[in-house]
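Notes for the structure review
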Amino acid sequence: QVQLAESGGGLVQAGGSLRLSCAASGRTPGYAMGWFRQAPGKEREFVATITWSGGSTYYADSVKGRFTISRDNAKNTGYLQMNSLESEDTAVYYCAAKYGGWSSRRYEYDYWGQGTQVTVSS
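No experiment lies behind these values; they were computed from the predicted model shown.

**Here we look at the environment of S56**
Topologically, S56 is positioned in the loop between strand 5 (45–50) and strand 6 (57–59). It is 9.8 Å that separates the C-alpha atoms of S56 and S70, two residues lying 14 residues apart in sequence. Setting aside anything within four residues of it in sequence, one finds S56 in contact with T49, I50, T51 and W102.

Right under this line is the structure:
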């Protein structure tokens, strides 16, 4: 089991930045981490993912060049740096973990946090 807890969400103006954190506990070594988001009335969608080593990352086209995923395994914490935020980025953001390789498919992730709200005002 891996327990995940997101933090860092909030209200920000368009063009601004936020940094989300995802603290992991439990059976932690070896998992890939992903970030997903869900806007009201929409399905949960993939944002970014990173391997356990941090050596490989992958982004949704909608956030590429604006968001950066990273992790600090010594702190059991993952991060999502979000820059140049747009109103379309407004959603609840979730971090997730899976063992094995990284994936953009939400159903492949076994562990989820409770989510943190990000609201971008235009």
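We are not done yet, so read on.
**Concerning the side chain of S21**
By the secondary structure assignment, S21 is in strand 3 (residues 18–26). We classify S21 as buried; its relative accessible area is 18%. What S21 contacts, discounting residues up to four positions off in sequence, is A5, E6, S7, W35, T77, G78 and Y79.

**Digging into the pairing of strand 4 (residues 31–38)**
Of all 8 residues in strand 4, 7 are buried, a share of seventy percent or more. Sheet topology note: the strand 4/strand 5 ladder contains 5 bridges and is antiparallel. Considered in strand 5, the bridge of G34 is made with T49. Hairpin connection of strand 4 to strand 5: 6 residues between the antiparallel strands, including G41 at a positive phi of 80 degrees.

**Comments concerning unusual backbone geometry**
With phi around 50 degrees, N76 is a residue other than glycine that occupies positive phi space. By the element assignment, N76 lies in the loop between strand 7 (67–72) and strand 8 (77–82). Among the residues examined, N76 registers a relative accessible area of 25% and is labelled partly exposed. For S84, which is not glycine, the phi torsion reads 50 degrees and is therefore positive. Turning to its location among the elements, S84 is positioned in the loop between strand 8 and strand 9 (91–99).

**What to know about the state of the cysteines**
Evaluated as defined, the whole model comprises 1 disulfide. Paired by a disulfide, C22 and C95 hold their sulfur atoms 2.0 Å apart. Residues C22 and C95 share a disulfide whose torsion about the S-S bond is about 60 degrees; that sign makes it right-handed. Taken together, the residues span a long stretch of sequence, with C22 in strand 3 and C95 in strand 9 at a distance of 73 residues. Like C95, C22 is buried.

**Quick look at the pattern of salt bridges**
All chains considered together, the criterion is met by 7 salt bridges. A salt bridge links R66 to E86; the nearest nitrogen and oxygen atoms lie 3.9 Å apart. With R66 in the loop between strand 6 and strand 7 and E86 in the loop between strand 8 and strand 9, the pair connects residues that are 20 residues apart, well separated along the chain. Taken together, the shared-partner salt bridges in this structure form one network comprising R37, E45, R66, E86 and D89.

Conventions we followed
Residues numbered from 1 in each chain as written. Predicted model: local features only at pLDDT ≥ 70, side-chain atom pairs only at ≥ 80, totals over all residues. Heavy atoms only, no water. Helix = DSSP H or I, 4+ residues; strand = E, 2+ residues; numbered from the N terminus. Contact = heavy atoms within 4.5 Å. Buried < 20%, exposed > 50% of the residue type's maximum accessible area, 1.4 Å probe, protein only. Pairing = 2+ DSSP bridges. Disulfide = S-S within 2.5 Å. Salt bridge = Lys/Arg side-chain N within 4 Å of Asp/Glu carboxyl O.

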